[in-house]
Amino acid sequence: MLLKKTFEIDGLKIEAERKRVRNVRLYISSKDQQIHLTVPFYASEKFALEFVNNNMKWLRKTLEKIKDNPPVLQNLPQISKEEIEKLKHLISSMVPVWEFRLGVNAKAWKLRKMKSRWGTCDIKTKKITFSTGLIKKPLRCIEYVVAHELAHLIIADHSARFYAVIAKHFPYWKEIRKELNG
Ligand SMILES: [Zn+2]
């Protein structure tokens, strides 16, 4: 195999690259959803392709998941100090309401400039981070993100069960998500 090569397996394009690594690694880039395969120098092409074949089920499942939750690439707008203060104020008023509604408790939350997400929830530490870019969005979007991240304290993943919880409170969550990502 050359240093870089593109394969197509079952209609999936896979960018393979030889690198100084110990193990074959298969991953999907969150940026462009491209499938990458890193192959150690010692491994044969056949071995690498077998590895892909053995992980086909995982690949398809993961791609399907990404399709449901495409990464959001925000071009970071200028955000003033006043806007940050306003967002802090808004979120501080929303968090307790949603903690109560969902029956959860976050340890802490903070704001951060984030490029590709509106919020994150660390379920181990129960700490939540919100993107400062939210201030440019309508109130219902901010509220949705607050509830969404807190709901991860009930269900960590984006399974149907998770969205069932969301849908209870936001029947039109798909539209809100569209608005967020549009
Ligand atoms: Zn989420």
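Further up the page is the structure itself.
The model shown is predicted, which means the values in this text are computed figures rather than measured ones.

Rules used in this analysis
- Residues numbered from 1 in each chain as written.
- Predicted model: local features only at pLDDT ≥ 70, side-chain atom pairs only at ≥ 80, totals over all residues.
- Pairing = 2+ DSSP bridges.
- Helix = DSSP H or I, 4+ residues; strand = E, 2+ residues; numbered from the N terminus.
- Axes fitted to C-alpha atoms, helices over the stretch in contact; angles between N-to-C directions.
- Contact = placed C-beta atoms within 7 Å.
- Left-handed = near helix turned anticlockwise from the far one by under 90°.
- Nonpolar A, V, L, I, M, F, W, Y, C, P; charged D, E, K, R; others polar.

Draft legend 1. Inspection of the sheet that holds strand β4 (residues 35–40) at higher detail. An order of β1-β2-β4-β3 is seen for the 4 strands of this open sheet, with the pairing classed as mixed. Sheet topology places β1 (4–9) and β3 (25–28) at the edges, where each strand pairs with a single neighbour. Taken over all neighbouring pairs, the strand axes of this sheet differ in orientation by 25° on average, direction set aside. Sheet topology note: the β3/β4 ladder contains 4 bridges and is antiparallel. The partner of Arg-25 across the bridge, within β4, is Thr-38. Along the sheet, helix α1 (residues 45–54) contacts β1, β2 (12–19), β3 and β4; its crossing angle with β4, the most-contacted strand, is approximately 140°.

Draft legend 2. Quick peek at the packing of helix α4 (residues 139–151) against helix α5 (residues 160–169). At a minimum axis separation of 10 Å, α4 and α5 run at an interaxial angle of 145°. When you trace α4 past α5, the crossing you get is right-handed. Two secondary-structure elements touch here, α4 through Ala-147, His-148 and Ala-151 and α5 through Phe-162, Val-165, Ile-166 and His-169. Taken together, the residues of the contact of α4 with α5 break down into 5 nonpolar, 2 polar and no charged.

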